[in-house]
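Structural description and commentary
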Amino acid sequence: MSLDGATAPVYEAIRRKASFAKVIRNLGRLVDARDEAGSALEVRGVMVLMRSNLDELPALLRLLHAHRVTELLVQRLSSDLGQPDLPARYIPIRQYVDAAELAPADLAHAATVFAEARALAGELGISLHLPRLAQPAAPPAAAPRCRWPWDQLYVTAAGELLPCCMVATADRATFGNVFDDPDGLVERWHGDAAQSFRQRLADDEPPQVCRSCALYHGTF
């Protein structure tokens, strides 16, 4: 469940036209239905972290605990739109990301908030997954910085097999459409476009779409 704030003003400023009250009400209904059914369904919260909601993290942990959610995955706002050939329709999104994502000047305060959140999560019994605040050391030679195109599938509703979720749409990168033939998924997964993309990702000069990606740099 995506929940980017613990209060209506912060959440609704990020998720435009959303209703914080409705989301919380439906979360309660979901967890109640799970428990009444004796289901093993696991409900996890997901927070996209940015400058505007950083200080909400401890309060969000308390909110999830109150609704019997025992896991929170925090991921930084993606910064993967920096390639020179970015389609024009993404430029406003890139401008928003540049303004909203954590800046170097925010990292010391973020570290303090993270420390408070870790301690609180321990007290509440919540499994908390936090992103890195600094880029890790470079991996060993010949080791790809991102394993997604080898390990996971991402297919759009239109049937485009994309390298990963960060690419988002086929006009940035695609392995082809899986609806083209009966064996389309297998053909695209093992096809020339996929193999070429993986080879470049494993090299020192990855595809342009990967070079500004937070997943590639290990800070997602």
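Throughout what follows, the structure given in this document is the object of discussion. Predicted model, so just to flag it, every value in this text is computed and none were measured.

Cut-offs used in this document
Residues numbered from 1 in each chain as written. Predicted model: local features only at pLDDT ≥ 70, side-chain atom pairs only at ≥ 80, totals over all residues. Heavy atoms only, no water. Helix = DSSP H or I, 4+ residues; strand = E, 2+ residues; numbered from the N terminus. Buried < 20%, exposed > 50% of the residue type's maximum accessible area, 1.4 Å probe, protein only. Areas by Shrake-Rupley, 256 points an atom, 1.4 Å probe, with all protein chains shown as cover. Lys, Arg positive; Asp, Glu negative; His and termini not counted. Charge placed at Lys NZ, Arg CZ, Asp CG, Glu CD. Pairing = 2+ DSSP bridges. Right-handed = clockwise from strand over helix to strand, strands pointing away. Axes fitted to C-alpha atoms, helices over the stretch in contact; angles between N-to-C directions. Parallel < 35°, antiparallel > 145°, perpendicular 65-115°, else oblique. Left-handed = near helix turned anticlockwise from the far one by under 90°. Contact = heavy atoms within 4.5 Å. Nonpolar A, V, L, I, M, F, W, Y, C, P; charged D, E, K, R; others polar. Core = buried A, V, L, I, M, F, W, Y, C linked by side-chain atoms within 4.5 Å.

**Considerations on the overall build of the protein**
For the protein, the count of helices and strands is nine helices and three strands. If you list the helices and strands of the protein from N to C, you get α-α-β-α-β-α-α-β-α-α-α-α. For the protein, the spread of C-alpha atoms along the three principal axes comes to 50 × 45 × 35 Å. The buried share among the 220 residues of the protein stands at 42%. Here the protein has roughly 11900 Å² of accessible surface; of this, 54% comes from carbon and sulfur atoms. The centroid of the 23 positive side-chain charges in the protein is displaced by 4 Å from the centroid of its 27 negative side-chain charges.

**Comments concerning the pairing of strand β1 (residues 45-49)**
Two faces, one strand: in a regular strand the side chains alternate between the faces of the sheet. With five of five residues buried, β1 is to be regarded as a mostly interior element. In β1, alternate side chains face the same way, and those of Gly-45, Met-47 and Leu-49 on one face and Val-46 and Val-48 on the other are all buried. With five bridges joining them, β1 and strand β2 (residues 71-76) adopt parallel strand pairing. Paired with Leu-49 across the strands is Arg-76, a residue of β2. Regarding the hand of the β-α-β motif, the stretch spanning β1, helix α3 (residues 57-66) and β2 is right-handed.

**Some details on the packing of α3 against helix α5 (residues 107-124)**
Packing of α3 against α5 brings their axes to within 9 Å, and their N-to-C directions diverge by 15 degrees. Between α3 and α5, the crossing angle belongs to the class labelled roughly parallel. Here α3 runs over α5; the crossing is right-handed. Contacts from Leu-57, Pro-58, Leu-61, Arg-62 and His-65 in α3 reach Val-113, Phe-114, Glu-116, Ala-117, Leu-120, Ala-121 and Leu-124 in α5. Among the residues forming the contact of α3 with α5, the class breakdown is nine nonpolar, one polar and two charged.

**Side note on the nonpolar core**
Side chains of a nonpolar character, in soluble globular proteins, are inclined to be buried together. Formed by 29 residues in total, the largest nonpolar core has its most connected members in Leu-3, Leu-57, Leu-60, Leu-61 and Leu-72. Of all the secondary structure elements, the ones that give two or more residues to this core are α2 (20-37), β1, α3, β2 and α5. Those residues in contact with Leu-3 that sit more than four places away from it in its chain are Tyr-11, Phe-20, Val-23, Ile-24, Val-46, Met-47, Leu-60, Leu-63 and Leu-64. By size, the runner-up hydrophobic cluster in this structure holds 18 residues, among which are Trp-148, Val-178, Cys-213 and Tyr-216.

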